Amino acid sequence: MDGRLADVTRCIAFHSYKGGTGKTTIASNFAALLAKKGYNVFLLDLDVYAPSIQAYFEMKPKFWINDYLNNEAEVDDVLNDLTHHVSESVSSPEGIGKLWVGFSNPKKEEIFKLEGSKQDSTRFQLLRRFIQLREKLVSDYDANYIIIDTSPGIRYWSINSLAIADTYLLALKMGDLDVDGTRKMADDIYSSLTKHGAKSYLLLNRIAGYCVPHAGSNAADSHMVIPQGSDIATTLSRDVGMEVISSVPCYCDIQFSKKEFLTVLKYPDHPFAKQIEALAESSQIKV
Amino acid sequence: MISDSLAIPGVAHLMASRDIPRSVLLLLGASGSSKTMYCRQFLLDGLQAGDSCLFVCSLDDRQLQDLFSKASQSLDRLEVIRMCQEGSPGSDRLQLLSEQIEAALSKASGSGKPMRVVVDSLSSLLLSAGQEATFAFVDSLVRTLRKIGAMSIFTMVSPRSNDYYTTNLESLFDGILEMKIEEPSMIRKIRLFSIKGIRHNPFWISFAIAENGNLIFGDQTPAAGMICSLCGKLISGTPITSPESNHVFDTQECVDTYRKLAGVYGSGVLVSDGLNYEVVNVNLFFIDIVGLSDSSLSVKKQVEKINTLTKSIASCEAYKNSKKDKIVLPTGDGMAIGFLQNPELPLQLSFQLHSKLREYNRVRQKEDEVGVRIGLSSGPVFIVNDINNNQNVWGPGIVLARRVMDIGDDRHVLLSGNLADQLIALKDEYKEMIKFIGDYQIKHGQTIRVYSAYSLDFGNAELPRKISASK
């Protein structure tokens, strides 16, 4: 960390219209990279209906975000200090920040407890706890970044996640685009939210035809070819009405690996890691 | 734009831009709202910064000494001119005063230092010199001060109504500051109502007077145990309100988050819940049946009257349409209704209920008529769940509504000052209908402003007996 950090917290929500757009992969890598760069980072798995961040960190937490929201645990209990994932990837831990991760409980009864409550008062108490979580991360934990992996679509907890965030990265996966749905969501939901200071950007994922792994499947040796005259970003940006903040190519070695891993830590020179680094360094993201 | 050294006290809280052009301002407020203390702070800030300071006041020597007795700054550079000088009648007095001020300004201009001027207060001049002479004096002085770039504050007791004269007087100034004391919390508030040439959204901020007489603004002022409607935290500074709701918030972040949620879920996102314990600002309607405990009235008739009142209220549009946005508390011979959103609803319910009861009473014997008195107020209350898990409220807001109602007689619809202020500012029809009828001392020596709402077919135009007796 280079001392530029002021008392500013950026809260970034990774969202999408449909599932399977790569939100979790990018959010996890993005959070790990920011911690590696010296920031105090909190990664929250708020994809409460289908949580999957656990796959990147291989741990079974004692307490879940669900427990905090249900008033059965405190913030301290649900935050897991996973900085060692970052420190183990560098030769010297000097200068690295902190990586805290909060997981959602994938058990169906826990999901029902969050989503299934029809009582306004219970829902509001959950929402209030959620808002307090953000406040505590800002005031008591000096968060530089809060990274939220949200549920896709327009659902109760994805909207709540968006409401506490100041920056939205709306992931679109090439080959499975739903431009109409995304535009509708942008019109219906994002327009209400961005009126009050939030910024939203498109994040294009798995752009086809960019990656040529020329040395088998060794991720470290793969490289990126930028196609000439591509206007995908321009077209989508125009169609959805949002600026494209990054276009992340498709990498088979990441997509089809047997086990999830944090590319930015394991293969820092991989073009995917470079792309995440560029995203982290973009003026729209930096604190 | 001027340097900070000429800023008015609390400017960082009063204006979003935290800066104010060099101006001649009029500070309005009721007697006792601390206008002079504000001017004191303005002058002391100036002395601290090395500015030239001129204080034109109506204080005598002892009052002046008391005013600055706890000031840590040296008063050597404070020039004081007295408005009230013995032996000089109205217009001559103003002529003399003008000459003295001109001489003081000329001397101060020569020093090259920034200049601060206070004229406290125009109300004294109006009493002694009359409207026309005062108007001419103020017009001339404001022009001079503007020309020499002196940051200036004139004070005046808020007029009861905006007549032709006061409207014209206000128009002479570059901006208007307003002060008030909120009942029943007695929290002092100030706002920059307008400033020429600048887009400004006026909002009230709290301030307090410290032991040494210094003013403490905004975030440093405790908010009397209020809780943020969104995050539920105890508000440590000045509560932030949003114009589109009655909620109070701890931080701008909470306001923005609320707006985002309300944009998606609707404005009921915070009020459709049954919270276990919360402080909310409620607009209250308090009613009871006049003469219900009369021993000549049978219990059966008493019950009939209570039932009539309950049914009549339940059939009013203001009651029916507010759905879940209200809390209803039966009180035996009446009821209290707290409307969580719209401050107009208590008054609208009063019109509608009077109309229904008039119809009901028209065909009844005198002893069967249902006579009511109504008290309206607004203020913070705690919402608590009672032993049966029903919502109940208690707090200064409901106490004040009860006290106001107690002043009234049959058909009176009385309002506390804080709700009357809100409604009068809202619509011209309310301005016509809601009349100030006097200050009234309630329990514990507290004095409240009382207004009565009436028209040809609603309310009671006569003064309540208690108010008449107290005059």
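Residues numbered from 1 in each chain as written. Chains lettered and ligands numbered in written order. Predicted model: local features only at pLDDT ≥ 70, side-chain atom pairs only at ≥ 80, totals over all residues.

**A look at the overall build of chain A**
Okay, so step 1: Helix and strand content of chain A: 13 helices and 10 strands.
Okay, so step 2: Buried residues in chain A amount to 47% of all 287 residues.
Okay, so step 3: Restricting to contacts in chain A with at least 6 residues of sequence separation, those with at least 24 account for 78%. (Helix = DSSP H or I, 4+ residues; strand = E, 2+ residues; numbered from the N terminus. Buried ≥ 20, exposed ≤ 12 C-beta atoms within 10 Å, placed from the backbone. Contact = placed C-beta atoms within 7 Å.)

**Digging into the interface of chain B and chain A**
Okay, so step 1: At the interface, 14 residues of chain B touch 17 residues of chain A.
Okay, so step 2: A breakdown of the residues in the side of chain B that touches chain A according to their chemical character gives five nonpolar, five polar and four charged. (Nonpolar A, V, L, I, M, F, W, Y, C, P; charged D, E, K, R; others polar.)

**So, the sheet that holds strand S3 (residues 78-82) of chain B**
Hydrogen bonds between backbone atoms are what pair the strands of a sheet, whose relative direction is either parallel or antiparallel.
Residue and element names in this part refer to chain B.
Okay, so step 1: The nine strands are arranged S3-S2-S4-S5-S1-S6-S7-S8-S9 in an open sheet whose pairing can be described as mixed. On the outer flanks of this sheet lie S3 and strand S9 (215-217), each paired with one strand and no other. Ignoring which end each strand starts from, the neighbouring axes of this sheet average 25° apart.
Okay, so step 2: Pairing geometry for strand S6 (residues 175-182) and strand S7 (residues 187-195), over eight bridges, is antiparallel. Counterpart to Gly 175 in the pairing with S7 is Ile 195.
Okay, so step 3: In this fold helix H2 (residues 35-49) packs onto strand S1 (24-29), strand S2 (52-57), S3, strand S4 (115-120), strand S5 (151-157), S6, strand S8 (205-209) and S9, with an angle of close to 160° to the strand it touches most, S4. (Pairing = 2+ DSSP bridges. Axes fitted to C-alpha atoms, helices over the stretch in contact; angles between N-to-C directions.)

**Quick look at the sheet that holds strand S6 (residues 167-173) of chain A**
Residues and elements named next belong to chain A.
Okay, so step 1: With respect to topology, eight strands assemble into an open sheet ordered S3-S4-S2-S5-S1-S6-S7-S10, the strand pairing being mixed. If you trace the sheet from one side to the other, it starts and ends with strand S3 (80-81) and strand S10 (243-249), each paired once.
Okay, so step 2: Here six bridges tie strand S7 (residues 199-207) to S10, and the two strands are oriented parallel to one another. Bridged to Leu 204 within S10 is Ser 247.
Okay, so step 3: In this fold helix H8 (residues 156-164) packs onto strand S1 (10-16), strand S2 (40-46), strand S5 (145-150) and S6, with an angle of close to 150° to the strand it touches most, S1.

**Examining the nonpolar core**
Okay, so step 1: By size, the foremost hydrophobic cluster in this structure holds 99 residues, and its most contacted members are Phe 30, Ala 31, Val 41, Leu 43, Leu 99 and Ile 147 of chain A.
Okay, so step 2: Listed in part, the 55 residues of the second largest apolar core include Ile 20, Leu 25, Cys 39 and Val 119 of chain B. (Core = buried A, V, L, I, M, F, W, Y, C linked by C-beta atoms within 7 Å.)

**Quick look at unusual backbone geometry**
Residues and elements named next belong to chain B.
Okay, so step 1: Residue Asp 120 is joined to Ser 121 through a cis peptide bond whose omega torsion reads 10°.
Okay, so step 2: Along the chain, Ser 121 falls in the loop between S4 and helix H5 (122-129).
Okay, so step 3: Unlike most non-glycine residues, Arg 411 shows phi in positive territory, near 75°.
Okay, so step 4: Locating Arg 411 in the fold gives a position in the loop between helix H12 (396-407) and strand S17 (413-416).

**A few points about the environment of Ala 50 of chain A**
Okay, so step 1: Of note, Ala 50 of chain A is situated in the loop between S2 and helix H2 (54-57).
Okay, so step 2: Put simply, Ala 50 of chain A and Pro 106 of chain A are 56 residues apart on the chain and 6.4 Å apart in space, counted from C-alpha to C-alpha.

**What to know about the packing of H8 of chain A against helix H8 (residues 252-265) of chain B**
Okay, so step 1: Relative orientation of the contacting elements H8 of chain A and H8 of chain B amounts to 145°, with a least axis distance of 8 Å. Classified by chirality, the crossing of H8 of chain B by H8 of chain A is right-handed. The segment H8 of chain A lies against H8 of chain B, with Ile 159, Ala 163 and Ile 164 of chain A engaging Thr 257, Lys 260, Leu 261 and Val 264 of chain B.
Okay, so step 2: Looking at side-chain class alone, the contact of H8 of chain A with H8 of chain B contains five nonpolar, one polar and one charged residues. (Left-handed = near helix turned anticlockwise from the far one by under 90°.)

**Observations regarding helix H9 (residues 179-194) of chain A**
Residues and elements named next belong to chain A.
Okay, so step 1: Counted at 1.5 Å a residue, the expected span for H9 with its 16 residues is 22 Å, but the 19 Å between its end C-alpha atoms falls short.
Okay, so step 2: The principal kink in H9, of about 35°, is found at Ala 186.
Okay, so step 3: All of the buried residues along H9 are Thr 182, Met 185, Ala 186, Ile 189, Tyr 190, Ser 192 and Leu 193. (Expected span 1.5 Å × (residues − 1). Bend = angle between axes of the 7 residues up to and from the residue.)

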